[in-house]
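What follows is the residue order along each chain.
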Amino acid sequence: MTPVLELRGIDKSFGPVQVLHDVDFSVHPGEVTALVGDNGAGKSTLVKCIGGIHAVDSGEYFFDGKTVQINSPRDAAELGIEIVYQDLALCDNLDIVQNMFLGREHRRGIVLDEDTMEEMAARTLESLSVRTVKSIRQHVSSLSGGQRQTVAIAKAVLWNSKVVILDEPTAALGVAQTAQVLELVRRLADQGLAVVLISHNMNDVFAVSDRIAALYLGRMAAQVRTSDVTHAQVVELITSGRSGDLGLTNGVSA
Amino acid sequence: MTDTIASPRATEAPTISGSVRGYAERVRGGDMGALPAVFGLVVLCTVFSILRPSFLTPGNFANLLTQGAAITVIAMGLVFVLLLGEIDLSAGFASGVCASVLAILLTEQGLPWYVAVAAAILTGVVIGAALGTVVAKLGIPSFVVTLAAFLGFQGLVLLLVKGGTNISIRDQTIVAIANKYLPPVLGWALLALGVVGYAALQLLRARKRASRGLVADPIALIAARVGALAVLGGVAVYILNLERSRNPAVVSLTGVPIVVPIIVLLLVLGTFVLRRTAYGRHLYAVGGNAEAARRAGINVDRMKISAFVICSGMAAVGGIIAASRASSVDPNTGGSNVLLYAVGAAVIGGTSLFGGKGRVLDAILGGTVVAVIENGMGLMGYSSGVKYVVTGAVLLLAAGVDALSRKRAAATGLR
Ligand SMILES: Nc1ncnc2c1ncn2[C@@H]1O[C@H](COP(=O)(O)OP(=O)(O)O)[C@@H](O)[C@H]1O
Ligand SMILES: [Mg+2]
């Protein structure tokens, strides 16, 4: 099966600091790809490069097998790539509907079509079996962490997207909410979407993912099928960049 | 964390008491909205009416409205910049520059009024585009950029009016804006049009939402809003239509000042842009979380530049009104306390200095407070010195309310 999204040889530096080294990464439809790595390994940076937040220094970007240029968040969104950022990026002073449609508002002529947006937002939240908000017209600032996370995810799936990337979506959540989010992740993939899940929790990773990609100090140590590896091997890849014949040799991909 | 709440659609049926409760909750949560300004207005008007009965005369009421008009319009423009969390300290003198352009074209060049007005507003637009570009593209804080512009424009006004002479304006159309009044019948007709239009919009919206199964405002709430507008507007038009000439046999003086419908029109336009268009939505988004707005594909730089353009453009309109009221332009037009009063008006009305919160209506409420203080204290014979001190104190109070309500909002998670 061809990957829906594929990166080859991505380099990214912030000033003198090179954060990503020659990274290859591919994402397949109908699968959950777990992106793992220690803090500072470059996971969020990779995701922001995919989303057009950061421009890459060099490397190739394929979507549906074709090379594409991603210069802004809008370009990524137009391809059908939606990202739930680690820092969520919601506007506290806007309500749930306004946040979900931010930058892509429905309008009639020049007037906002609030009713349609409200209906679509409500339907999306319902389809995600979200029963966590009192009114979809309440300001996001009044929501709990789990509720904000749900809004951010709902925002990402609202758009018939092909790729949904979630950057540590469960880091701030309790047990029950984490289970809910993981269930949601699995359901999205089963609907045929390509899902990327960033997580530090090995149990979560093994519970929902089909593939695992491990970043080590800005290099892609290995990208493997989840069924082919053990917990211990993945932990080793994360902490030392290699495990047996998997991983980096002298800092270069095997 | 409670995650067992009803599905989004099945929200509680809206009722009047529900709306009132919702409002009370928001106020307790730190969102005071228009409350301080309205409360302040009631207190100030009561005090001045008791101390100086002449405060409550039709003549003074009309005077008060034209007195506050220029500052109110400048404040309306400032709201757009404040919404982004930026400031424009040069709006006062920008209005002076634009008024000078107007006066020179009218009086020295003898051009028709509409050419002069267009040129004045274009000047404002160019000023705003320049300020906004420097702020957005060079990343210099707007405080510094517009402080520099404040000095620069002050000099520019001096240069334009040739070192302190005063250019008088004789064009009847321009002078009429702040010195002439609508025929009483027209005042009533415009009010009726406004009330009926407002009622129709509200009812249509509620009907449409109800028909799609969405939560709509209850009829009683709409009736209350429309009723309030009709009563307040009716009282104002009635008072302004009373004879206020000392000698009616010689010259009759009645009607709503022409500048009032102009301000109402700007209010409707500005409110439409902020509440009903994607552009307005994006202004709030950038003010609330610029990074989130950027990730949503909003061009933040363009939003900043456009907000400064609107602000300086509105300052130009304010300058035209000031020139009309004085029937002249001098180096002090748009100077001294104009800018501080305008910023004060927006903040007193409830617009936040921290960005992301504000309405065009705030400028009108706050502008009225400022005008009432200025007018009432003038009637009581206080010097300019005392007026400045009091207005400064009120501004500080308003900024304090703003900061405190933010803290409270952060504490309660509401905003
Ligand atoms: N905008 C930035 N400017 C400079 N350095 C950055 C920036 N963003 C991330 N970094 C650096 O890049 C490295 C990787 O960060 P990040 O991608 O956030 O890691 P992860 O998400 O895997 O924990 C870190 O050393 C971090 O300090
Ligand atoms: Mg990260």
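Residues numbered from 1 in each chain as written. Chains lettered and ligands numbered in written order. Predicted model: local features only at pLDDT ≥ 70, side-chain atom pairs only at ≥ 80, totals over all residues. Heavy atoms only, no water.

A few words on the domain arrangement of chain A. Residue and element names in this part refer to chain A. Considered domain by domain, chain A is made up of domain 1 (5-80 + 162-253) and domain 2 (92-160). Using C-alpha coordinates to define each centre, domain 1 is positioned 26 Å away from domain 2. Where domain 1 abuts domain 2, roughly 880 Å² becomes buried across the two surfaces, and 65% of that area is made up of carbon and sulfur atoms. Applying the counting criterion to the domain 1 and domain 2 interface returns zero salt bridges. At the surface where domain 1 touches domain 2, the tally comes to one residue pair in polar contact (both at pLDDT 80 or more). When contributions to the side of domain 1 that touches domain 2 are tallied by element, the ones reaching two or more residues are α2 (73-79), β9 (163-167) and α6 (175-190). (Domains from an automatic or database assignment. Buried area = accessible area lost by both parts, 1.4 Å probe. Salt bridge = Lys/Arg side-chain N within 4 Å of Asp/Glu carboxyl O. Polar contact = N/O pair within 3.5 Å; in protein donor to acceptor, adjacent residues only side chain to side chain. Helix = DSSP H or I, 4+ residues; strand = E, 2+ residues; numbered from the N terminus.)

Residues and elements named next belong to chain A. Every residue lining ligand 1 is accounted for by Phe14, Val19, Asp38, Asn39, Gly40, Ala41, Gly42, Lys43, Ser44 and Thr45. Between ligand 1 and Gly40 there is a distance of 2.8 Å, counted from an oxygen atom to a backbone nitrogen or oxygen. The backbone of Lys43 places a nitrogen or oxygen atom 2.8 Å from an oxygen atom of ligand 1. Taken by itself ligand 1 offers 560 Å² of open surface, and the protein chains cover 57% of this. Considered class by class, the residues forming the shell around ligand 1 number three nonpolar, five polar and two charged. (Near = heavy atom within 4 Å. Areas by Shrake-Rupley, 256 points an atom, 1.4 Å probe, with all protein chains shown as cover. Nonpolar A, V, L, I, M, F, W, Y, C, P; charged D, E, K, R; others polar.)

Our next topic: the coordination of the magnesium ion (ligand 2). Residues and elements named next belong to chain A. Within the protein, the atoms that donate to the magnesium ion (ligand 2) are Ser44 (OG) and Gln86 (OE1), at distances of 2.0 to 2.4 Å. In this pair, Ser44 sits in helix α1 (residues 43-50) while Gln86 sits in the loop between β6 (81-84) and α3 (96-100), placing the two residues 42 residues apart along the sequence. Taking relative accessible area as the criterion, Ser44 reaches 22% and is therefore assigned partly exposed. Judged by relative accessible area, which is 40%, Gln86 ranks as partly exposed. (Donors = N, O, S within 2.8 Å, 3.2 Å for Na, K, Ca; no water. Buried < 20%, exposed > 50% of the residue type's maximum accessible area, 1.4 Å probe, protein only.)

We now examine the sheet that holds strand β1 (residues 5-14) of chain A. Residues and elements named next belong to chain A. Judged by pairing direction, the sheet is antiparallel, and its four strands sit side by side in the order β2-β1-β4-β5 without closing on themselves. Among the strands making up the open sheet, the edge pair consists of β2 (17-27) and β5 (66-67). With seven bridges joining them, β1 and β2 adopt antiparallel strand pairing. Among the inter-strand pairings, Phe14 is bridged to a residue of β2, identified as Val17. Of the strands in this sheet, β1, β2 and β4 (58-63) touch α1, which is tilted by about 65° from β2. (Pairing = 2+ DSSP bridges. Contact = heavy atoms within 4.5 Å. Axes fitted to C-alpha atoms, helices over the stretch in contact; angles between N-to-C directions.)

The topology assignment puts His28 of chain A in the loop between β2 and β3 (32-37). With sequence-adjacent residues up to four places away left out, His28 of chain A is seen in contact with Met1, Thr2, Pro3, Val4, Thr33, Ala194 and Arg211 of chain A.

Inspection of the entire model under this criterion finds four aromatic pairs over all chains. Between the aromatic rings of Phe101 of chain A and Trp159 of chain A, the centroid separation amounts to 5.5 Å while the plane-to-plane angle is 75°, which identifies the pairing as edge-to-face. Of this pair, Phe101 of chain A sits in the loop between α3 and β7 (107-108) while Trp159 of chain A sits in the loop between α5 (145-157) and β9, and the two are 58 residues apart along the sequence. Owing to a relative accessible area of 0%, Phe101 of chain A belongs among the buried residues under this scheme. When the centroid spacing of 5.3 Å and the interplanar angle of 70° are considered together, the rings of Phe93 of chain B and Phe150 of chain B count as edge-to-face. Here Phe93 of chain B is found in helix α4 (residues 91-108), whereas its partner Phe150 of chain B is found in helix α6 (residues 142-160), with 57 residues between them in sequence. By relative accessible area, which is 4% here, Phe93 of chain B ends up buried. (Phe/Tyr/Trp six-rings, centres within 6.5 Å; stacked < 30°, edge-to-face > 60°.)

On to the nonpolar core. One finds Val73, Met76, Leu78, Leu102, Ile169, Ile174 and Ile321 of chain B to be the most contacted residues of the largest nonpolar core, which totals 100 residues. For this core, the leading source of residues is helix α3 (residues 58-83) of chain B, giving 14 residues. Those residues in contact with Leu78 of chain B, other than ones at most four positions away along the chain, are Asp88, Ala91, Cys311, Leu339, Ala342 and Val343 of chain B. Leu112, Ala122, Val140 and Leu143 of chain A belong to the second-largest nonpolar core, a separate cluster that totals 39 residues. (Core = buried A, V, L, I, M, F, W, Y, C linked by side-chain atoms within 4.5 Å.)

What follows is about the sheet that holds β9 of chain A. Within a beta sheet, neighbouring strands are joined by backbone hydrogen bonds and run either parallel or antiparallel to one another. Residue and element names in this part refer to chain A. Here we have six strands laid out as an open sheet, ordered β6-β9-β10-β3-β11-β12, and mixed in their pairing. Each end of this open sheet is capped by a strand with a single partner; those strands are β6 and β12 (219-225). Strand after strand, the sheet turns through a mean of 15° between neighbouring axes, direction not considered. Of the pairings in the sheet, the one linking β9 to strand β10 (residues 194-198) comprises five bridges and is parallel in character. Each residue of the ladder has a partner; that of Val164, found in β10, is Val195. Most of the contacts of α1 go to β3, to which it runs at about 135°, and overall it touches β3, β6, β9, β10, β11 (211-216) and β12.

Attention shifts here to the pattern of salt bridges. Inspection of the entire model under this criterion finds 27 salt bridges over all chains. The closest approach of N and O atoms between Arg108 of chain A and Asp113 of chain A, which form a salt bridge, is 3.9 Å. Among the residues examined, Arg108 of chain A registers a relative accessible area of 51% and is labelled exposed. Classification of Asp113 of chain A as buried rests on a relative accessible area of 9%. The salt bridge involving Arg209 of chain B is made with Glu118 of chain A; its shortest N-O contact spans 2.9 Å. Of the two residues, Arg209 of chain B is situated in helix α8 (residues 184-211) and Glu118 of chain A in helix α4 (residues 114-127); the pairing between them involves two chains. By relative accessible area, Arg209 of chain B is classed as buried at 8%.

Our next topic: helix α7 (residues 172-179) of chain B. Three- or four-residue spacings in an α-helix give side chains the same orientation, since the helix completes a turn every 3.6 residues. All names here are of chain B. Those residues of α7 that sit buried are Ile174, Val175, Ala176, Ile177 and Ala178. Turning to α7, the residues buried within the fold contact α3, α4, α5 (113-138), α10 (259-276) and α13 (300-326). Where α7 begins, the capping side chain belongs to Asp171, and its oxygen is found 3.0 Å from the backbone nitrogen of Thr173.

Before going further, it helps to spend a moment on unusual backbone geometry. Within the chain, Glu168 of chain A stands out as a residue other than glycine whose phi angle is a positive 45°. Positive phi outside glycine occurs at Ser327 of chain B, with the angle close to 55°. Structurally, the position occupied by Ser327 of chain B is in the loop between α13 and β2 (328-329).

Taking 1.5 Å per residue as the helical rise, α10 of chain B with its 18 residues ought to reach 26 Å, and the 25 Å between its terminal C-alpha atoms agrees with that figure. On its buried face, α10 of chain B sits against α3, α7, α11 (278-288), α13 and α15 (360-379) of chain B. (Expected span 1.5 Å × (residues − 1).)

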